[in-house]
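# Commentary on secondary and tertiary structure
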Amino acid sequence: MIPVPERRYYSLIDKVYDLRNLHEAWKEVKWKKGAAGVDRVTIERFEKDLEKRLRALQEQLRAGTYVPPPVRRVYIDKADGTKRPLGIPTVTDRVAQQAVRRVLTPIFEAVFLPCSHGFRPGRSTRSAIVMLEEYRKQGFRTVVDVDFKSYFDTLDHEVLMAKVKKRVTDGSILKLIRSWLTAGVMSDGNLRYQVTGTPQGGVISPLLANIYLHSLDQALTNWGYKVVRYADDMVILCENANKAKTALGLLKQVAEGELRLTLHPEKTRLTTFGKGFDFLGFTFKRQHRVARKRAIEKFKEKVKLLTPRQTHHTITEVVAELSPVIRGWGNYFKHGHMRTRFDSLDQWIRMRIRSTWLKRKAHRSHKASSALPNQRLADLGLVSLLTL
C-alpha cells in the first residue's frame, strides 16, 4: 500500500496574529498564571494595558519583527532529588507562543498516534495508565523501560525544524519557532544561548517535544509494538523477551540515529510486570500499581515543611495550607492500589499536626495538653486521603 503524503500548510501567520486568536491565547496564559519573565511584567500588569499590548504584538507578528527575549531560568526539584531547569518566558512571549500553538496543534494532532498522551487535548497521565493496563491484560507483559538522558535539553534544532517543515512551510512560523529555540537563557545576570534543546517551561515546548518523538512512535507501532508515551516518559510492551530485545534494538536505531538522542545506559532496560518498573509516578508490579517510593518521600517532605515544630501559624492556618497539597497528591495516586498506604499517611499527617499544636500550646501555657481528635481536624477542613 502506497502511503498517503501528509498535507502541508503554506500560509498560517495571518491566523496567528488574528486579534481574536491573540485574545484567546491571552485567556489561556492568564488562566495558567505563572511568574514574570526577564522584563518583570506580571500577568496583572500585562492585563492593565491588554489591548495596547496585544495590538503591539499583532503588529510585530504581522511585520515579522517580533523577537522573543531570553527566558528567565529557575530550578525546581525532581523526584530523584536533582534539579530540573525551567525557562520562564515573558508574558508577551507566552501569549505569542500560545497563539502559534493554537494554530499548529490541530495540524499535528491530525497525525499524532494514540500511543502519545502527554500535553494533548483529551489525553492525560490517566489515559496513558489505562492504556498500559489494557496491554497488560492482553498479555503484553515484557517491558522495555525507556529513559532519555536530558531529553528536553538535547533535542537537535535542525532535526526538529525538519520535522516541523514536513507539515508547515510558512516561513514566518518557522522563523518564530527557531527564534524560540535560540532565544537564550538569563540566569544570575548571565545570558547563555543554547545550541540544542527546547526550554522547559515554554508554552510551545510540549508540542515541539511531541513532534520530535512522533517518528519514533511511528517506527515502533509500524513494527507491531505496543507503545505508551507521555512526553519523554515511555514504555514499550511486548509478548516475550525476544521481541523486547528486538524492540530495544529498533529503539536505539531510531533514537540514537535519526533523532540524535541519548538513551540512559542503566535506566533503559528490559523488565516485566512481575519484576516491576516505574512509570508516571507509579511503581507497576504484577497486577498492582502504587505510588513509587520517591513520590511518597517527596509528598512527606512537603507535609513536613507545612507542619514545622516551631510555627507562628494557627492550626487552622496550617490545615488550610496543607489540605490542597493532600488533595492534589491524593487525587493523582488514588487510582492506584493505595488504600493501606493512604491510611498510614493519614495517621502520620494527623500526628504531624498534633505535634505542631502541642508545641504551640506548651509554648503558651507551659503544660501538656490532650491531642486534637480526628473529628476536630476534619471540622477544621483537613482532607483525608482515604475519602478522596
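Residues numbered from 1 in each chain as written. Predicted model: local features only at pLDDT ≥ 70, side-chain atom pairs only at ≥ 80, totals over all residues. Heavy atoms only, no water.

## Focus: the sheet that holds strand β6 (residues 226–230)
Strand order in the open sheet formed by 4 strands is β6-β7-β3-β8, and the pairing between neighbours is antiparallel. Strands with a single pairing partner mark the edges of an open sheet, and in this sheet they are β6 and β8 (269–272). On average, each strand axis in the sheet is inclined to that of its neighbour by 25°, with strand direction left out of account. Note: strand β3 (residues 142–146) against β8, 4 bridges, orientation antiparallel. Across the sheet, the residue bridging to valine 143 is threonine 271, located in β8. Strands β6 and β7 (233–238) of the sheet are contacted by helix α6 (residues 125–137), whose axis makes an angle of about 160° with β6. Contacts between helix α10 (residues 205–222) and the sheet are confined to β6 and β7, with β6 contributing the most and set at about 165° to the helix. (Pairing = 2+ DSSP bridges. Helix = DSSP H or I, 4+ residues; strand = E, 2+ residues; numbered from the N terminus. Axes fitted to C-alpha atoms, helices over the stretch in contact; angles between N-to-C directions. Contact = heavy atoms within 4.5 Å.)

## Re the pairing of β6
Taking burial as the measure, the 5 residues of β6 include 4 buried ones, the bulk of the element. In this structure, β6 lies alongside β7, joined through 5 bridges in antiparallel fashion. In the strand pairing of β7, valine 227 is matched with isoleucine 236. In this antiparallel pair of consecutive strands, β6 and β7, the connection spans 2 residues, and alanine 231 shows a positive phi of 55°. (Buried < 20%, exposed > 50% of the residue type's maximum accessible area, 1.4 Å probe, protein only.)

## Quick notes on the layout of surface pockets
For the second largest pocket, the calculated volume is near 190 Å³. The wall of the second largest pocket is formed by Glu6, Phe108, Val111, Phe112, Lys163, Lys166, Arg167, Ile211, His214, Ser215, Gln218 and Glu258. Sort the elements by how many residues they give to the lining of the second largest pocket and α10 lands first, with 4 residues. Across the lining of the second largest pocket, the residue classes tally to 4 nonpolar, 3 polar and 5 charged. (1 Å grid on protein atoms, 1.4 Å probe; cavity = no way out; pocket = protein on both sides within 12 Å on 5 of 7 lines; lining within 4 Å. Points joined across faces, edges and corners; volume = space filled by probe spheres on them. Nonpolar A, V, L, I, M, F, W, Y, C, P; charged D, E, K, R; others polar.)

## Brief notes about the environment of threonine 314
Following the sequence through the fold, threonine 314 ends up in the loop between α12 (293–306) and α13 (315–333). In this structure the C-alpha to C-alpha distance between threonine 314 and threonine 356, which are 42 residues apart in sequence, comes to 9.3 Å.

## Overview of the side chain of aspartate 170
Among the structural elements, aspartate 170 can be located in the loop between α8 (157–165) and α9 (171–181). Of the buried charged residues, aspartate 170 lacks a salt bridge, with lysine 15 as the closest side chain of opposite charge at 7.9 Å. A polar contact is formed between the side chain of aspartate 170 and the backbone nitrogen of isoleucine 13, at a distance of 3.0 Å. (Lys, Arg positive; Asp, Glu negative; His and termini not counted. Salt bridge = Lys/Arg side-chain N within 4 Å of Asp/Glu carboxyl O. Polar contact = N/O pair within 3.5 Å; in protein donor to acceptor, adjacent residues only side chain to side chain.)

## Notes on the packing of aromatic side chains
All chains considered together, the criterion is met by 16 aromatic pairs. Among the aromatic residues, those joined into a ring-pair cluster are Phe273, Phe277, Phe282, Phe284, Phe299, Trp329, Tyr332, Phe333 and Phe342. One Lys or Arg, arginine 289, reaches over the ring of phenylalanine 282 and ends 5.8 Å from the middle of that ring. Lying over the aromatic face of tryptophan 348, lysine 300 brings its terminal NZ or CZ to 4.7 Å of the ring centre. (Phe/Tyr/Trp six-rings, centres within 6.5 Å; stacked < 30°, edge-to-face > 60°. Lys NZ or Arg CZ within 6 Å of the ring centre and 35° of its normal.)

## Let's talk about the nonpolar core
Counting residues in hydrophobic clusters, the biggest one holds 71 residues, and the most contacted among them are Leu104 and Phe148. In this view, leucine 104 contacts Leu12, Val168, Ile173, Ile177 and Leu207; residues no more than four positions away in its chain are not counted. In terms of nonpolar packing, the next biggest core, distinct from the first, is built from 42 residues, Leu132, Phe342, Ile349 and Leu385 among them. (Core = buried A, V, L, I, M, F, W, Y, C linked by side-chain atoms within 4.5 Å.)

## Side note on unusual backbone geometry
In the Ramachandran plot, phenylalanine 119 falls in the positive-phi region, its phi being about 55° despite a non-glycine side chain. With respect to the helices, strands and loops of the structure, phenylalanine 119 is situated in the loop between α5 (91–109) and α6. Its identity as a non-glycine residue notwithstanding, leucine 280 has a phi of 55°, on the positive side. Mapped onto the elements of the fold, leucine 280 is located in the loop between β9 (277–279) and β10 (282–285).

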